[in-house]
Amino acid sequence: MDGRKHYGFVLISAILPLLGLVVAVVLLWNKGVWLSDLIVFGVMYVIAGLGVSTGYHRMLAHRSFKTTRPIKIFFAVAGSMAGQGPPIIWTAHHRRHHRVADKPGDPHSPYQDHEPGILGALKGLWHAHMGWLFDKSLSSDPIRYCPDLVRDRDMRIISRYFLPIVAAGVVLPGLLGLAISGTLRGFLAGMLWGGLVRFFVSNHITYAVNSIGHYFGRRRFATPDESRNVGWLSLLSFGESWHNNHHAFPRSASHGMRWWEVDISAMVILLLEKTRLASDVIRIDRDRQERRAEGLLTVGGGRLADSAPDRPLAERKAATVGVADVE
Ligand SMILES: [Zn+2]
Ligand SMILES: [Zn+2]
């Protein structure tokens, strides 16, 4: 994104949600919050969160399942309401992230500058979390990374009208608040809680998958990056935080790969499949997972295990384990 569009994006993805949060905290402090506000927040959080997780990420970026045109449009519009960018741009950045995860060219790696020490670590985490959003020069060419979406007329239209859809994502919860409470106060509070505060919480959860999910947590699979599984983020991220599983098997519709790995998006996809609204759902059988998990013991994985050009050949490990089908 460039020019004025980029400033508009930064405004809705970072600045307005923060201002909304400040107002909401002041209201909370003064006990100016109603149950209806929290209901509106929850409804919009689920709609936009599934839009990003099930829609943008698993359906568009990784083609983990196929669905009907109305549902595809619904998910892409719901994902746009999250305010994280138009579907075509979001997908281009994300597919690029998978191709060069934690290596030069990754749009949001916490290892960007490779500076030593705690300050370098904090700088890297900030960059991966949201610092990269402020980089006006960053662009991932949609023709190169997602020609399938560029060819899709519905996705082109939704991407073009991204900002009005984001605005609708603020007005809609206002109307919901009005419908529940029947008051102007309910309308305004609905826009605040279901719009701005919801942007803030849901976006920071997504950003945390990019920052924390490449820094802290457990690795089950040897991937040529630093992706991690972060259990405590799984519920609020709709399963996105099983991020090492995801980098090992990017096309898998399920990111949770054990019964205890909560993955609400996978449940939604299963529900769509059971009702014949989704097909061609990509699943990874347990044998394949086990074979891949053994790779962590023998290979180790990680960004430095890859054939980094500045490392002698003898030091390079067989990190080809993990260069799987990306999208
Ligand atoms: Zn990642
Ligand atoms: Zn992904």
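Whatever comes next refers back to the structure up there.
Residues numbered from 1 in each chain as written. Chains lettered and ligands numbered in written order. Predicted model: local features only at pLDDT ≥ 70, side-chain atom pairs only at ≥ 80, totals over all residues. Heavy atoms only, no water.

## Re helix H12 (residues 264–274)
One turn of the α-helix equals 3.6 residues, which is why residues spaced by three or four share an orientation. The complete set of buried residues in H12 reads Ser265, Ala266, Val268, Ile269 and Leu272. All buried residues of H12 project into a common sector of 160 degrees when viewed along the axis, lining one side. Pointing more than 90 degrees away from the buried face of H12 are the exposed residues Met267, Leu271 and Lys274. Summarising the contacts, the buried residues of H12 are in contact with helix H2 (35–61), helix H3 (69–80) and strand S2 (278–279). For H12, the N-terminal capping position is held by Asp263, with its side-chain oxygen 3.3 Å away from the main-chain nitrogen of Ser265. (Buried < 20%, exposed > 50% of the residue type's maximum accessible area, 1.4 Å probe, protein only. Helix = DSSP H or I, 4+ residues; strand = E, 2+ residues; numbered from the N terminus. Arc of directions from axis to C-beta. Contact = heavy atoms within 4.5 Å. Polar contact = N/O pair within 3.5 Å; in protein donor to acceptor, adjacent residues only side chain to side chain.)

## So, the environment of Pro147
Residue position: Pro147 is located in helix H7 (residues 147–150). With a relative accessible area of 32%, Pro147 lands in the partly exposed category.

## Points about the coordination of the zinc ion (ligand 2)
Around a metal, the ideal angle is 109.5 degrees if four donors adopt a tetrahedral arrangement and 90 or 180 degrees if six donors adopt an octahedral arrangement. The zinc ion (ligand 2) binds to the protein through His57 (NE2), His62 (NE2), His94 (NE2), His98 (NE2) and His246 (NE2); the donor distances cover 1.9 to 2.2 Å. Sequence spacing of the donors to the zinc ion (ligand 2): H-x4-H-x31-H-x3-H-x147-H. One end of the pair, His57, is in helix H2; the other, His246, is in helix H11 (residues 243–248), with 189 residues separating them in the sequence. Judged by its relative accessible area of 3%, His57 falls in the buried class. (Donors = N, O, S within 2.8 Å, 3.2 Å for Na, K, Ca; no water.)

## Describing the packing of helix H5 (residues 117–129) against helix H10 (residues 184–211)
Two elements in contact, H5 and H10, have axes separated by 8 Å at closest approach and are oriented at 130 degrees. With respect to their mutual orientation, H5 and H10 come out oblique. As for how H5 packs across H10, the hand of that crossing is right-handed. Where H5 abuts H10, its residues Leu125, Ala128 and His129 lie against His204, Tyr207, Ala208, Asn210 and Ser211. The residue inventory of the contact of H5 with H10, partitioned by class, reads 4 nonpolar, 4 polar and no charged. (Axes fitted to C-alpha atoms, helices over the stretch in contact; angles between N-to-C directions. Parallel < 35°, antiparallel > 145°, perpendicular 65-115°, else oblique. Left-handed = near helix turned anticlockwise from the far one by under 90°. Nonpolar A, V, L, I, M, F, W, Y, C, P; charged D, E, K, R; others polar.)

## Structural notes on the packing of aromatic side chains
All told, the structure shown has 10 aromatic pairs when counted by the stated rule. A ring pair is formed by Tyr56 and Trp90, whose centres lie 5.4 Å apart and whose planes are at 65 degrees; its orientation type is edge-to-face. Note that Tyr56 is positioned in helix H2 and Trp90 in helix H4 (residues 87–99), a separation of 34 residues in sequence. For the pair shown, Tyr56 and Trp90 are each scored as buried. An angle of 50 degrees between the planes, with centres 5.0 Å apart, marks the rings of Tyr215 and Phe216 as tilted. When its relative accessible area of 24% is taken as the criterion, Tyr215 is described as partly exposed. Here Arg185 stacks its cationic end above the ring of Trp34, 3.8 Å away from the centre of that ring. (Phe/Tyr/Trp six-rings, centres within 6.5 Å; stacked < 30°, edge-to-face > 60°. Lys NZ or Arg CZ within 6 Å of the ring centre and 35° of its normal.)

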